[in-house]
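Each chain, written out:
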Amino acid sequence: MANACKKYEAKLEDFLNGVQDPAAAEELEAHLPRCAGCREALEAARLSRNLLHAGIEPAPEPGGAFATRVIAAIRAEEGKRLAASEFWRPLEVLASRLALTAAAALLVLAVYSFEFARPPHPQPSASNQSQVSEGFPEPAPQPTDKDEILLSLAESSHGR
Amino acid sequence: MADVPKTETQSRRRAEAPAADRRATAEEEQQLVRRAQRGDSAAYEELLRTHQQRVFAVVGGILRRREDIEDVAQQVFIKAYFSLRRFDLRSAFGTWLYKIAVNECWDYLRKKRVRRLVYEADLGEEQIRQLESIADRPGGALRLPEDAGRRAEQRDLLERLLGELDEQDRLMLIMKEVEGFSVEEIGEVLELNVNTVKVRLFRARRRLVEIYRKRLKARPSAKPHSR
(Lines give C-alpha, C1' and ligand atoms only; values in the text may rest on other atoms or scores of the structure.)
Protein backbone atom coordinates (compact mmCIF):
# COMPACT_ATOMS: atom_id res chain seq x y z
CA MET A 1 0.00 0.00 0.00
CA ALA A 2 1.40 3.40 -0.96
CA ASN A 3 2.18 5.92 1.76
CA ALA A 4 0.56 9.31 2.07
CA CYS A 5 2.84 12.35 1.88
CA LYS A 6 4.01 13.08 5.44
CA LYS A 7 3.11 16.73 5.01
CA TYR A 8 -0.53 15.84 4.35
CA GLU A 9 -1.19 13.10 6.91
CA ALA A 10 -2.64 15.41 9.59
CA LYS A 11 -4.61 17.30 6.94
CA LEU A 12 -6.04 14.07 5.57
CA GLU A 13 -7.11 13.07 9.08
CA ASP A 14 -8.83 16.44 9.48
CA PHE A 15 -10.46 15.99 6.08
CA LEU A 16 -11.74 12.58 7.11
CA ASN A 17 -13.18 14.07 10.29
CA GLY A 18 -14.76 16.97 8.42
CA VAL A 19 -13.04 19.59 10.56
CA GLN A 20 -10.73 21.24 8.06
CA ASP A 21 -10.32 24.98 7.59
CA PRO A 22 -11.09 26.20 4.03
CA ALA A 23 -7.47 27.02 3.12
CA ALA A 24 -6.24 23.56 4.08
CA ALA A 25 -9.17 21.95 2.27
CA GLU A 26 -8.32 23.93 -0.86
CA GLU A 27 -4.67 22.87 -0.63
CA LEU A 28 -5.67 19.23 -0.22
CA GLU A 29 -8.11 19.41 -3.13
CA ALA A 30 -5.32 20.67 -5.33
CA HIS A 31 -2.95 17.97 -4.08
CA LEU A 32 -5.12 14.86 -4.15
CA PRO A 33 -5.63 14.58 -7.94
CA ARG A 34 -1.84 14.66 -8.37
CA CYS A 35 -0.94 12.19 -5.59
CA ALA A 36 -1.93 8.55 -5.85
CA GLY A 37 -0.36 7.77 -2.45
CA CYS A 38 -2.54 10.27 -0.59
CA ARG A 39 -5.64 9.18 -2.50
CA GLU A 40 -5.02 5.56 -1.64
CA ALA A 41 -4.29 6.42 2.01
CA LEU A 42 -7.52 8.39 2.24
CA GLU A 43 -9.47 5.45 0.82
CA ALA A 44 -7.82 3.13 3.34
CA ALA A 45 -8.70 5.53 6.15
CA ARG A 46 -12.34 5.52 5.04
CA LEU A 47 -12.32 1.74 4.90
CA SER A 48 -10.87 1.55 8.41
CA ARG A 49 -13.65 3.83 9.61
CA ASN A 50 -16.20 1.54 7.99
CA LEU A 51 -14.65 -1.47 9.66
CA LEU A 52 -14.65 0.20 13.07
CA HIS A 53 -18.17 1.56 12.80
CA ALA A 54 -19.55 -1.68 11.49
CA GLY A 55 -17.87 -4.13 13.77
CA ILE A 56 -16.62 -2.58 17.01
CA GLU A 57 -19.03 -2.15 19.86
CA PRO A 58 -18.67 0.80 22.20
CA ALA A 59 -17.65 -0.06 25.76
CA PRO A 60 -20.59 -1.34 27.82
CA GLU A 61 -22.70 1.11 29.79
CA PRO A 62 -21.74 1.16 33.46
CA GLY A 63 -25.21 0.21 34.63
CA GLY A 64 -27.21 1.73 37.45
CA ALA A 65 -25.50 -0.17 40.24
CA PHE A 66 -21.96 0.71 39.25
CA ALA A 67 -21.79 4.05 41.10
CA THR A 68 -23.36 2.50 44.18
CA ARG A 69 -20.82 -0.32 44.07
CA VAL A 70 -17.93 2.12 43.75
CA ILE A 71 -19.16 4.24 46.67
CA ALA A 72 -19.57 1.08 48.77
CA ALA A 73 -16.04 0.01 47.83
CA ILE A 74 -14.73 3.45 48.79
CA ARG A 75 -16.51 3.22 52.16
CA ALA A 76 -15.04 -0.25 52.71
CA GLU A 77 -11.56 0.99 51.80
CA GLU A 78 -11.94 3.97 54.13
CA GLY A 79 -13.07 1.62 56.88
CA LYS A 80 -10.05 -0.61 56.28
CA ARG A 81 -7.70 2.35 56.42
CA LEU A 82 -9.38 3.63 59.56
CA ALA A 83 -9.25 0.18 61.20
CA ALA A 84 -5.57 -0.09 60.33
CA SER A 85 -4.88 3.27 61.93
CA GLU A 86 -7.09 2.32 64.97
CA PHE A 87 -5.15 -0.90 65.39
CA TRP A 88 -1.92 0.99 65.86
CA ARG A 89 -3.52 3.84 67.82
CA PRO A 90 -2.87 2.47 71.37
CA LEU A 91 0.71 1.84 70.42
CA GLU A 92 0.99 5.37 69.08
CA VAL A 93 -0.48 6.78 72.31
CA LEU A 94 1.86 4.66 74.38
CA ALA A 95 4.83 5.67 72.27
CA SER A 96 3.95 9.34 72.52
CA ARG A 97 3.52 9.09 76.31
CA LEU A 98 6.81 7.23 76.62
CA ALA A 99 8.49 9.86 74.54
CA LEU A 100 7.02 12.63 76.69
CA THR A 101 8.11 10.88 79.89
CA ALA A 102 11.57 10.32 78.53
CA ALA A 103 11.84 13.94 77.48
CA ALA A 104 10.73 15.14 80.93
CA ALA A 105 13.20 12.79 82.63
CA LEU A 106 15.99 14.03 80.41
CA LEU A 107 15.10 17.62 81.22
CA VAL A 108 15.15 16.94 84.97
CA LEU A 109 18.44 15.11 84.63
CA ALA A 110 19.95 17.94 82.65
CA VAL A 111 18.85 20.56 85.19
CA TYR A 112 20.13 18.45 88.05
CA SER A 113 23.48 17.86 86.39
CA PHE A 114 23.84 21.58 85.72
CA GLU A 115 22.83 22.85 89.10
CA PHE A 116 23.61 20.17 91.70
CA ALA A 117 25.74 17.36 90.43
CA ARG A 118 28.44 19.63 88.91
CA PRO A 119 31.69 19.61 90.97
CA PRO A 120 32.25 23.09 92.55
CA HIS A 121 35.10 25.13 91.09
CA PRO A 122 37.67 25.91 93.79
CA GLN A 123 37.50 29.65 94.40
CA PRO A 124 40.81 31.13 95.41
CA SER A 125 40.23 32.78 98.82
CA ALA A 126 42.47 34.82 101.13
CA SER A 127 42.74 32.10 103.75
CA ASN A 128 43.70 29.54 101.12
CA GLN A 129 46.44 31.80 99.88
CA SER A 130 47.88 32.20 103.33
CA GLN A 131 47.79 28.43 103.84
CA VAL A 132 49.73 27.95 100.63
CA SER A 133 52.33 30.55 101.51
CA GLU A 134 52.88 28.93 104.91
CA GLY A 135 54.09 25.69 103.31
CA PHE A 136 56.50 27.30 100.87
CA PRO A 137 59.16 29.96 101.22
CA GLU A 138 58.31 33.40 99.92
CA PRO A 139 59.91 34.08 96.55
CA ALA A 140 62.66 36.64 96.46
CA PRO A 141 61.43 40.13 95.72
CA GLN A 142 61.95 41.17 92.13
CA PRO A 143 64.71 43.73 91.50
CA THR A 144 63.29 47.09 90.53
CA ASP A 145 66.28 48.74 88.80
CA LYS A 146 69.64 47.94 87.17
CA ASP A 147 71.65 48.32 90.37
CA GLU A 148 69.48 45.86 92.18
CA ILE A 149 69.81 43.42 89.29
CA LEU A 150 73.60 43.65 89.38
CA LEU A 151 73.52 43.30 93.15
CA SER A 152 71.36 40.23 93.03
CA LEU A 153 73.63 38.66 90.37
CA ALA A 154 76.68 39.35 92.50
CA GLU A 155 74.97 37.85 95.53
CA SER A 156 73.96 34.76 93.73
CA SER A 157 77.45 34.19 92.22
CA HIS A 158 78.98 34.82 95.60
CA GLY A 159 76.71 32.33 97.20
CA ARG A 160 77.84 29.59 94.87
CA MET B 1 -13.51 15.44 -4.28
CA ALA B 2 -16.51 14.00 -2.56
CA ASP B 3 -17.56 15.53 0.71
CA VAL B 4 -17.17 13.46 3.78
CA PRO B 5 -20.63 12.19 4.60
CA LYS B 6 -22.08 13.58 7.80
CA THR B 7 -22.29 10.15 9.36
CA GLU B 8 -18.55 9.68 8.83
CA THR B 9 -17.72 12.60 11.06
CA GLN B 10 -19.63 11.19 13.98
CA SER B 11 -18.56 8.38 16.21
CA ARG B 12 -21.08 5.77 17.20
CA ARG B 13 -21.07 6.89 20.83
CA ARG B 14 -21.71 10.54 19.98
CA ALA B 15 -24.47 9.60 17.64
CA GLU B 16 -26.13 7.57 20.34
CA ALA B 17 -25.77 9.81 23.39
CA PRO B 18 -23.78 13.05 23.33
CA ALA B 19 -21.40 12.94 26.24
CA ALA B 20 -21.29 16.74 26.47
CA ASP B 21 -24.96 16.81 27.44
CA ARG B 22 -24.24 14.75 30.48
CA ARG B 23 -21.29 16.74 31.64
CA ALA B 24 -21.56 19.56 34.08
CA THR B 25 -20.06 22.86 33.06
CA ALA B 26 -16.43 23.41 33.93
CA GLU B 27 -17.23 25.81 36.73
CA GLU B 28 -19.85 23.59 38.32
CA GLU B 29 -17.45 20.73 38.07
CA GLN B 30 -14.71 22.68 39.81
CA GLN B 31 -17.12 23.43 42.65
CA LEU B 32 -17.93 19.75 42.91
CA VAL B 33 -14.24 18.85 42.95
CA ARG B 34 -13.53 21.38 45.70
CA ARG B 35 -16.41 20.03 47.76
CA ALA B 36 -15.21 16.47 47.22
CA GLN B 37 -11.69 17.51 48.24
CA ARG B 38 -13.16 18.77 51.51
CA GLY B 39 -14.62 15.31 52.09
CA ASP B 40 -18.12 15.74 50.64
CA SER B 41 -18.84 12.25 49.38
CA ALA B 42 -22.10 13.29 47.70
CA ALA B 43 -20.08 15.65 45.50
CA TYR B 44 -17.72 12.84 44.57
CA GLU B 45 -20.64 10.59 43.75
CA GLU B 46 -21.96 13.25 41.38
CA LEU B 47 -18.55 13.46 39.68
CA LEU B 48 -18.50 9.69 39.44
CA ARG B 49 -21.91 9.56 37.80
CA THR B 50 -20.90 12.29 35.35
CA HIS B 51 -17.72 10.58 34.22
CA GLN B 52 -18.41 6.87 34.61
CA GLN B 53 -19.42 6.35 30.98
CA ARG B 54 -16.28 7.97 29.62
CA VAL B 55 -14.07 6.09 32.05
CA PHE B 56 -15.69 2.91 30.77
CA ALA B 57 -14.98 4.11 27.23
CA VAL B 58 -11.29 4.73 27.92
CA VAL B 59 -10.82 1.49 29.84
CA GLY B 60 -12.86 -0.38 27.26
CA GLY B 61 -10.65 1.01 24.51
CA ILE B 62 -7.72 -0.83 26.05
CA LEU B 63 -9.13 -3.90 27.77
CA ARG B 64 -12.24 -4.79 25.74
CA ARG B 65 -13.52 -7.50 28.14
CA ARG B 66 -16.53 -6.42 30.19
CA GLU B 67 -15.38 -8.06 33.44
CA ASP B 68 -11.97 -6.40 33.17
CA ILE B 69 -13.55 -3.05 32.27
CA GLU B 70 -15.80 -2.99 35.35
CA ASP B 71 -13.03 -4.04 37.73
CA VAL B 72 -10.54 -1.53 36.41
CA ALA B 73 -13.07 1.30 36.17
CA GLN B 74 -13.99 0.73 39.81
CA GLN B 75 -10.32 0.78 40.73
CA VAL B 76 -9.90 4.05 38.82
CA PHE B 77 -12.62 5.77 40.83
CA ILE B 78 -11.29 4.44 44.13
CA LYS B 79 -7.78 5.59 43.30
CA ALA B 80 -9.05 8.99 42.18
CA TYR B 81 -11.02 9.39 45.41
CA PHE B 82 -7.99 8.79 47.60
CA SER B 83 -5.76 10.99 45.40
CA LEU B 84 -8.26 13.81 45.07
CA ARG B 85 -6.52 16.09 47.57
CA ARG B 86 -3.46 16.07 45.33
CA PHE B 87 -5.45 17.17 42.26
CA ASP B 88 -4.63 20.86 41.74
CA LEU B 89 -7.46 21.74 39.30
CA ARG B 90 -5.01 22.95 36.68
CA SER B 91 -6.55 20.57 34.15
CA ALA B 92 -10.14 19.46 33.79
CA PHE B 93 -11.17 16.80 36.31
CA GLY B 94 -12.13 14.50 33.44
CA THR B 95 -8.70 14.73 31.83
CA TRP B 96 -7.05 13.92 35.16
CA LEU B 97 -9.42 11.01 35.69
CA TYR B 98 -8.95 9.56 32.19
CA LYS B 99 -5.19 9.69 32.62
CA ILE B 100 -5.58 7.65 35.81
CA ALA B 101 -7.76 5.26 33.81
CA VAL B 102 -5.15 4.81 31.07
CA ASN B 103 -2.35 4.23 33.61
CA GLU B 104 -4.50 1.83 35.58
CA CYS B 105 -5.11 -0.18 32.38
CA TRP B 106 -1.42 -0.42 31.54
CA ASP B 107 -0.73 -1.51 35.15
CA TYR B 108 -3.50 -4.09 34.94
CA LEU B 109 -2.11 -5.51 31.72
CA ARG B 110 1.39 -5.60 33.19
CA LYS B 111 0.20 -7.38 36.32
CA LYS B 112 -1.84 -9.91 34.40
CA ARG B 113 0.98 -10.25 31.89
CA VAL B 114 -1.56 -10.39 29.12
CA ARG B 115 0.20 -10.86 25.88
CA ARG B 116 -0.98 -9.12 22.78
CA LEU B 117 -3.27 -11.28 20.79
CA VAL B 118 -1.66 -12.00 17.48
CA TYR B 119 -3.49 -14.14 15.03
CA GLU B 120 -1.17 -14.81 12.18
CA ALA B 121 -2.92 -17.36 10.01
CA ASP B 122 -5.70 -18.77 12.10
CA LEU B 123 -8.70 -17.40 10.28
CA GLY B 124 -10.77 -19.98 8.53
CA GLU B 125 -12.30 -19.73 5.10
CA GLU B 126 -15.70 -18.80 6.53
CA GLN B 127 -14.21 -16.13 8.77
CA ILE B 128 -12.35 -14.55 5.89
CA ARG B 129 -15.52 -14.56 3.87
CA GLN B 130 -17.23 -12.77 6.73
CA LEU B 131 -14.46 -10.22 6.88
CA GLU B 132 -14.98 -9.50 3.22
CA SER B 133 -18.64 -8.90 3.86
CA ILE B 134 -18.13 -6.46 6.76
CA ALA B 135 -16.31 -3.69 5.03
CA ASP B 136 -15.05 -2.46 1.73
CA ARG B 137 -18.38 -1.20 0.55
CA PRO B 138 -18.71 2.24 -0.93
CA GLY B 139 -20.51 4.95 1.00
CA GLY B 140 -19.60 3.73 4.42
CA ALA B 141 -23.13 2.56 5.16
CA LEU B 142 -22.24 -0.82 6.51
CA ARG B 143 -24.45 -3.15 8.44
CA LEU B 144 -23.63 -6.23 10.35
CA PRO B 145 -25.70 -9.29 9.58
CA GLU B 146 -29.12 -9.51 11.18
CA ASP B 147 -28.29 -12.86 12.72
CA ALA B 148 -26.97 -12.22 16.25
CA GLY B 149 -24.57 -15.17 16.17
CA ARG B 150 -22.92 -14.10 12.94
CA ARG B 151 -22.83 -10.51 14.13
CA ALA B 152 -20.98 -11.52 17.27
CA GLU B 153 -18.57 -13.60 15.23
CA GLN B 154 -17.80 -10.72 12.92
CA ARG B 155 -17.21 -8.42 15.85
CA ASP B 156 -14.83 -10.96 17.27
CA LEU B 157 -12.96 -11.01 13.96
CA LEU B 158 -12.60 -7.26 13.98
CA GLU B 159 -11.46 -7.30 17.58
CA ARG B 160 -8.76 -9.71 16.44
CA LEU B 161 -7.65 -7.34 13.71
CA LEU B 162 -7.51 -4.51 16.23
CA GLY B 163 -5.54 -6.77 18.57
CA GLU B 164 -2.69 -6.71 16.11
CA LEU B 165 -2.31 -2.96 16.33
CA ASP B 166 -0.01 -1.20 18.76
CA GLU B 167 -1.93 -0.77 22.05
CA GLN B 168 -1.83 3.01 22.00
CA ASP B 169 -2.84 3.18 18.33
CA ARG B 170 -5.74 0.83 19.03
CA LEU B 171 -6.82 2.96 21.97
CA MET B 172 -6.70 6.12 19.85
CA LEU B 173 -8.77 4.56 17.07
CA ILE B 174 -11.40 3.27 19.47
CA MET B 175 -11.55 6.52 21.43
CA LYS B 176 -11.96 8.46 18.19
CA GLU B 177 -14.20 6.23 16.12
CA VAL B 178 -16.16 4.27 18.67
CA GLU B 179 -16.27 6.31 21.87
CA GLY B 180 -16.53 9.80 20.46
CA PHE B 181 -13.47 11.53 21.90
CA SER B 182 -12.15 14.50 19.97
CA VAL B 183 -8.56 14.61 18.74
CA GLU B 184 -7.85 17.29 21.37
CA GLU B 185 -9.23 15.13 24.18
CA ILE B 186 -7.20 12.15 23.03
CA GLY B 187 -4.10 14.35 23.03
CA GLU B 188 -4.78 15.49 26.61
CA VAL B 189 -5.43 12.01 27.93
CA LEU B 190 -2.43 10.43 26.23
CA GLU B 191 -0.26 13.52 26.71
CA LEU B 192 0.39 13.87 23.00
CA ASN B 193 0.48 16.89 20.75
CA VAL B 194 -2.72 17.27 18.69
CA ASN B 195 -0.82 17.03 15.41
CA THR B 196 0.88 13.84 16.62
CA VAL B 197 -2.52 12.36 17.43
CA LYS B 198 -3.80 13.16 13.93
CA VAL B 199 -0.77 11.64 12.23
CA ARG B 200 -0.80 8.55 14.44
CA LEU B 201 -4.52 8.08 13.93
CA PHE B 202 -4.14 8.33 10.18
CA ARG B 203 -1.28 5.81 10.18
CA ALA B 204 -3.16 3.45 12.53
CA ARG B 205 -6.10 3.45 10.09
CA ARG B 206 -3.76 2.50 7.29
CA ARG B 207 -2.19 -0.23 9.41
CA LEU B 208 -5.61 -1.67 10.28
CA VAL B 209 -6.51 -1.87 6.60
CA GLU B 210 -3.17 -3.48 5.83
CA ILE B 211 -3.88 -6.20 8.39
CA TYR B 212 -7.38 -6.61 7.03
CA ARG B 213 -6.16 -6.98 3.45
CA LYS B 214 -3.41 -9.35 4.54
CA ARG B 215 -6.06 -11.62 6.02
CA LEU B 216 -8.05 -11.54 2.80
CA LYS B 217 -4.99 -12.29 0.70
CA ALA B 218 -4.15 -15.21 2.99
CA ARG B 219 -7.21 -16.91 1.57
CA PRO B 220 -6.02 -19.24 -1.23
CA SER B 221 -8.91 -18.48 -3.51
CA ALA B 222 -9.09 -14.79 -2.66
CA LYS B 223 -9.79 -12.40 -5.45
CA PRO B 224 -7.41 -9.44 -5.58
CA HIS B 225 -8.79 -6.50 -3.63
CA SER B 226 -8.78 -3.24 -5.41
CA ARG B 227 -9.51 -1.06 -2.34
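Residues numbered from 1 in each chain as written. Chains lettered and ligands numbered in written order. Predicted model: local features only at pLDDT ≥ 70, side-chain atom pairs only at ≥ 80, totals over all residues. Heavy atoms only, no water.

1. Here we look at the overall build of chain B
For the record, the criterion: Secondary structure elements are taken from DSSP: a helix is a run of H or I of four residues or more, a strand is a run of E of two residues or more, and numbering for both begins at the N terminus. Only protein chains enter the area calculation, which uses a 1.4 Å probe; residues under 20% of their type maximum are buried, those over 50% are exposed, and those in between are partly exposed. Here, residues are in contact when the closest pair of their heavy atoms is within 4.5 Å. Using a 1.4 Å probe, the Shrake-Rupley method yields the accessible areas, and only the shown protein chains count as cover for residues.
Scanning chain B from terminus to terminus reveals 11 helices and 0 strands. Each helix and strand of chain B, placed in order from N terminus to C terminus, yields the pattern α-α-α-α-α-α-α-α-α-α-α. Expressed as a percentage of its 227 residues, the buried residues of chain B come to 49%. Intrachain contacts of chain B at a sequence separation of at least 6 include 72% that bridge at least 24 residues. Of the roughly 11,600 Å² that chain B leaves accessible, carbon and sulfur atoms contribute 46%.

2. Some remarks on the overall build of chain A
Looking only at helices and strands, one finds 6 helices and 0 strands in chain A. Scanning chain A from its N terminus toward the C terminus, one meets helices and strands in the order α-α-α-α-α-α. Relative to all contacts within chain A whose residues are 6 or more apart in sequence, the contacts with residues 24 or more apart total 51%. Just so you have it, chain A exposes about 11,300 Å², and 63% of that area is on carbon and sulfur atoms.

3. Observations concerning the pattern of salt bridges
The test is simple: Every case where a carboxyl oxygen of Asp or Glu lies within 4 Å of a side-chain nitrogen of Lys or Arg is listed as a salt bridge.
Summed over all chains, the structure comprises 28 salt bridges over all chains. Residues K11 of chain A and E27 of chain A are paired through a salt bridge, measuring 3.5 Å at the closest nitrogen-oxygen approach. With K11 of chain A in helix 1 (residues 9-17) and E27 of chain A in helix 2 (residues 22-31), the pair connects residues that are 16 residues apart, well separated along the chain. Through salt bridges with shared partners, a single ionic network connects E13 and R49 of chain A together with E177 and R205 of chain B.

4. Observations regarding the packing of aromatic side chains
One pair of aromatic rings is described through two measures. These are the centre distance and the angle between the planes. Convention followed: Geometry of aromatic contacts follows a simple scheme: Phe, Tyr and Trp rings, the Trp one being its six-membered ring, pair when their centres are within 6.5 Å, and the pair is stacked under 30 degrees between planes, edge-to-face over 60, tilted otherwise.
The final tally for this structure, using the stated rule, is 8 aromatic pairs over all chains. When the centroid spacing of 6.1 Å and the interplanar angle of 65° are considered together, the rings of F66 of chain A and F77 of chain B count as edge-to-face. Here F77 of chain B lies in helix 5 (residues 66-83) and F66 of chain A lies in helix 4 (residues 64-115), a pairing that spans two chains. On the accessibility criterion, F66 of chain A (0% relative accessible area) is buried. Residue class for F77 of chain B comes out buried when judged on its relative accessible area of 1%. Plain terms: the ring middles of Y81 of chain B and F82 of chain B are 5.1 Å apart, the flat faces sit at 90° to each other, and that makes the pair edge-to-face. Assessed through its relative accessible area of 15%, Y81 of chain B is described here as buried. Aromatic rings pair up to connect F66 of chain A together with F56 and F77 of chain B into one cluster.

5. Quick word on the interface of chain A and chain B
Defined as follows: A quick way to say it: buried area is the sum, across both parts, of accessible area lost when two parts are put together, with a 1.4 Å probe. We call two N or O atoms a polar contact when they sit within 3.5 Å, provided that within protein one can donate a hydrogen and the other can accept it, with sequence-adjacent residues counted only if both atoms are side-chain atoms. Note on residue categories: nonpolar means Ala, Val, Leu, Ile, Met, Phe, Trp, Tyr, Cys or Pro, charged means Asp, Glu, Lys or Arg, and polar means any other residue, Gly included.
The interface of chain A with chain B comprises 52 residues on the first partner and 62 residues on the second. Where chain A abuts chain B, roughly 5,400 Å² becomes buried across the two surfaces, and 63% of that area is made up of carbon and sulfur atoms. Viewed at the interface, chain B and chain A are joined by 5 salt bridges. Two residues, K198 of chain B and D14 of chain A, come together in a salt bridge whose shortest N-O distance is 3.0 Å. For the pair chain A and chain B, the interface holds 12 residue pairs in polar contact (both at pLDDT 80 or more). Every element with two or more residues in the side of chain A that touches chain B is listed here: helix 1, helix 2, helix 3 (36-55) and helix 4 of chain A. Among the elements that make up the side of chain A that touches chain B, the one with the highest residue count is helix 3 of chain A (15 residues). Here the residues of the side of chain A that touches chain B sort into 28 nonpolar, 9 polar and 15 charged.

6. Regarding the packing of helix 1 of chain A against helix 2 of chain A
A pair of packed helices can be characterised by two numbers: the angle between their axes and the separation between those axes. Residue and element names in this part refer to chain A. Note the threshold: In this analysis, axes come from line fits to C-alpha atoms, helices being fitted only over the stretch in contact, and the angle between any two N-to-C directions falls in the range 0 to 180 degrees. With respect to orientation, any angle under 35 degrees is reported as roughly parallel, any angle over 145 as roughly antiparallel, any angle of 65 to 115 as roughly perpendicular, and every other angle as oblique.
It is the contact of helix 1 with helix 2, at a shortest axis distance of 10 Å, that shows an interaxial angle of 110°. With respect to their mutual orientation, helix 1 and helix 2 come out roughly perpendicular. Between helix 1 and helix 2, the residues in contact are K11, L12 and F15 and A24, E27 and L28, respectively. Split into classes, the residues belonging to the contact of helix 1 with helix 2 amount to 4 nonpolar, no polar and 2 charged.

7. Overview of the packing of helix 4 (residues 41-63) of chain B against helix 6 (residues 93-112) of chain B
Residues and elements named next belong to chain B. Which entries qualify depends on this criterion: Handedness of a crossing follows from how the near helix is turned relative to the far one, being left-handed for an anticlockwise turn of less than a right angle and right-handed for a clockwise one.
At a closest axis distance of 9 Å, the pairing of helix 4 and helix 6 adopts a crossing angle of 45°. Classified by the angle their axes make, helix 4 and helix 6 are oblique. Pair helix 4 / helix 6 crosses with right-handed handedness. Contact residues: helix 4 offers Y44, L47, H51, R54, V55, V58, V59, I62 and L63, while helix 6 offers F93, G94, L97, Y98, A101, V102, C105, W106, Y108 and L109. Grouping the amino acids of the contact of helix 4 with helix 6 by side-chain chemistry returns 16 nonpolar, 2 polar and 1 charged.

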